[in-house]
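Close look at the chain arrangement
Below are the chains, spelled out letter by letter.
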Amino acid sequence: MADKEFGPSQQEVVHDSDEHARTGATPQRKGGVLNTLYPPGPRPGAGPRMKNHCRKFWWCDLIVVAVIILVIVLPIIYVAIPNKAQHDINASTLEVTSQEVTNTEPDQVHVKIKAIARSSSSFHPTLEGFQAGLSLPGHEPFLYLNIPETKAEAETNINIDQDAPIVNMDSFKEYTKTAIASENFTVLMSGKTKVHQKGLSAISVDYDKHVQLKGEQLVAFVLVEARSLITTGLNKLSGLSIEDIKILSGSKNVLPDGSNLIGNVIIPNPSVMTLDLGNVTMNLSIDDKAIGIAVLTNLVLKPGTNNSTLTSKVEQLDVIEFITKKYKDGVVPLDIIGNSSVRNGQHLEYFEEAIKSNTIKIKLALGPALQAIGLNITSSS
């Protein structure tokens, strides 16, 4: 009686055994983490379990995918790619092939620059146009240039043509003095822009360049993508010489402005820069004794050899005394120091600071000019 009330009959046990043997299935355990996350289906195997998992835990899968994106994908997009863009900008270089500083005014200059930017990066993004400040290290920017939008290639031509207001006169004066007095110096170019690469959002990058220049490039404006740039320049106007000197004597020969000596000034400019200095006045002295002034009218220095007519008012008797008593070969040591730079009647203080800080020393051969006026002195030069 007990068997009939509490246990399965022998016939039921045999039936269940036959069913398991026929289907090949094993009794499923309903407990455990695996069965909870991947519930068994009507048929054995992974397929039904995966379907049940997706139907029951789809929200959990979305969370997992979101975490993967946050942990792996987003750092690539927002860290690795921007870092790559910044690295490529830092590693790029630029060669200035031509630069002109013209229409010089007391508070602004006109800047025209042609340059070639070079990059070895496999990426070729587009850089948004931006303003770049130019300064000496440790000083405030003196000019801002509008860098045009640029498609970065292995070699990219960059052109700038604009009026550039002088935003800090003290910094600009310091720049011109450093430039004319140094063989090499560094200019900092800084700004912020954005890089656009197809398929990605705009990437913000800092533009912060230390550019090495030859000191003679008085207004050597440097551009985008320049980590290291070395160009030649004026080097304290080294190589300046005065030739074809003529001494004007007598009221009939002296020029209307009182000039009594003229000559041809040769100024080599091995840089790529054109510079409009206006009318440049210079003080002349021999052995620290002032002997007069000289003027170079409408002086525009261009790349290569420059020739300019010099007109001078000198104390002729003082010069002759030096020659007869001390420099009997007719060759005198002449010191030339800048006095003023004037264009359209306006003083260009930023150039005046530079030329006043630079002393040019040359050997001036006056023998032939003195012989031409009847003084028989033979120059040994």
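Here's a quick rundown of the structure.

Rules and cut-offs
- Residues numbered from 1 in each chain as written.
- Predicted model: local features only at pLDDT ≥ 70, side-chain atom pairs only at ≥ 80, totals over all residues.
- Heavy atoms only, no water.
- Buried < 20%, exposed > 50% of the residue type's maximum accessible area, 1.4 Å probe, protein only.
- Helix = DSSP H or I, 4+ residues; strand = E, 2+ residues; numbered from the N terminus.
- Arc of directions from axis to C-beta.
- Contact = heavy atoms within 4.5 Å.
- Axes fitted to C-alpha atoms, helices over the stretch in contact; angles between N-to-C directions.
- Left-handed = near helix turned anticlockwise from the far one by under 90°.
- Salt bridge = Lys/Arg side-chain N within 4 Å of Asp/Glu carboxyl O.
- Expected span 1.5 Å × (residues − 1).
- Polar contact = N/O pair within 3.5 Å; in protein donor to acceptor, adjacent residues only side chain to side chain.
- Phe/Tyr/Trp six-rings, centres within 6.5 Å; stacked < 30°, edge-to-face > 60°.

Considerations on helix 6 (residues 316–325)
- Taken together, the buried positions of helix 6 are Val319, Phe322 and Ile323. For helix 6, the buried positions fall inside an angular range of 95° around the axis, keeping them on one side. Of the exposed residues in helix 6, those oriented more than 90 degrees away from the buried face are Leu317 and Lys325.
- Looking at the buried positions of helix 6, the neighbouring elements they touch are strand 12 (273–286), strand 13 (289–301), strand 15 (331–343) and helix 8 (367–372).

Regarding the environment of Asn306
- Note that Asn306 resides in strand 14 (residues 304–314).
- On the basis of relative accessible area, Asn306 is assigned to the buried category, the value being 9%.
- For Asn306 and Leu240, which are 66 residues apart along the polypeptide, the C-alpha to C-alpha distance reads 9.6 Å.
- Setting aside residues up to four positions removed in sequence, Asn306 forms contacts with Val265, Ile266, Ile267, Asn269, Val300 and Leu301.

Observations regarding the packing of helix 5 (residues 169–181) against helix 7 (residues 349–356)
- Relative orientation of the contacting elements helix 5 and helix 7 amounts to 35°, with a least axis distance of 8 Å. Of the two possible hands of crossing, helix 5 and helix 7 adopt the one that is right-handed. Two secondary-structure elements touch here, helix 5 through Met169, Phe172, Lys173, Thr176, Lys177 and Ile180 and helix 7 through Glu349, Tyr350, Glu353 and Ala354.

Considering the environment of Asp288
- Looking at the secondary structure, you find Asp288 in the loop between strand 12 and strand 13.
- Asp288 sits 47 residues away from Asp335 along the chain, and the two C-alpha atoms are 8.0 Å apart.

Points about the environment of Asn376
- Structurally, Asn376 can be placed in the segment after helix 8.
- Spatially, the C-alpha atom of Asn376 lies 9.9 Å from that of Gly330, the residues being 46 residues apart in sequence.

Describing the pattern of salt bridges
- The tally for this structure, following the rule as stated, stands at eight salt bridges.
- Glu353 serves as the salt-bridge partner of Lys173, at 3.9 Å between the closest nitrogen and oxygen. Of this pair, Lys173 sits in helix 5 while Glu353 sits in helix 7, and the two are 180 residues apart along the sequence.
- In this structure Lys173 comes out as buried when scored by relative accessible area, which is 15%.
- Taking relative accessible area as the criterion, Glu353 reaches 30% and is therefore assigned partly exposed.

Some points on helix 5
- Here helix 5 spans 18 Å end to end across 13 residues, near enough to the 18 Å set by a 1.5 Å rise per residue.
- Along helix 5, the positions that sit buried rather than exposed are Ser171, Phe172, Lys173, Tyr175, Thr176, Ala179 and Ile180.
- Between a side-chain oxygen at the N-terminus of helix 5 and the backbone nitrogen of Asp170 the separation is 3.3 Å; the capping residue is Asn168.

Considerations on the packing of aromatic side chains
- Inspection of the entire model under this criterion finds six aromatic pairs.
- Between the aromatic rings of Phe322 and Tyr327, the centroid separation amounts to 6.5 Å while the plane-to-plane angle is 40°, which identifies the pairing as tilted. Here Phe322 and Tyr327 have matching classes, each one buried.
- Where Tyr350 meets Phe351, the ring centres are 4.7 Å apart and the plane angle is 65°; that geometry is what we call edge-to-face.
- One aromatic cluster in this structure is built from Phe142, Phe172, Tyr175, Tyr350 and Phe351.

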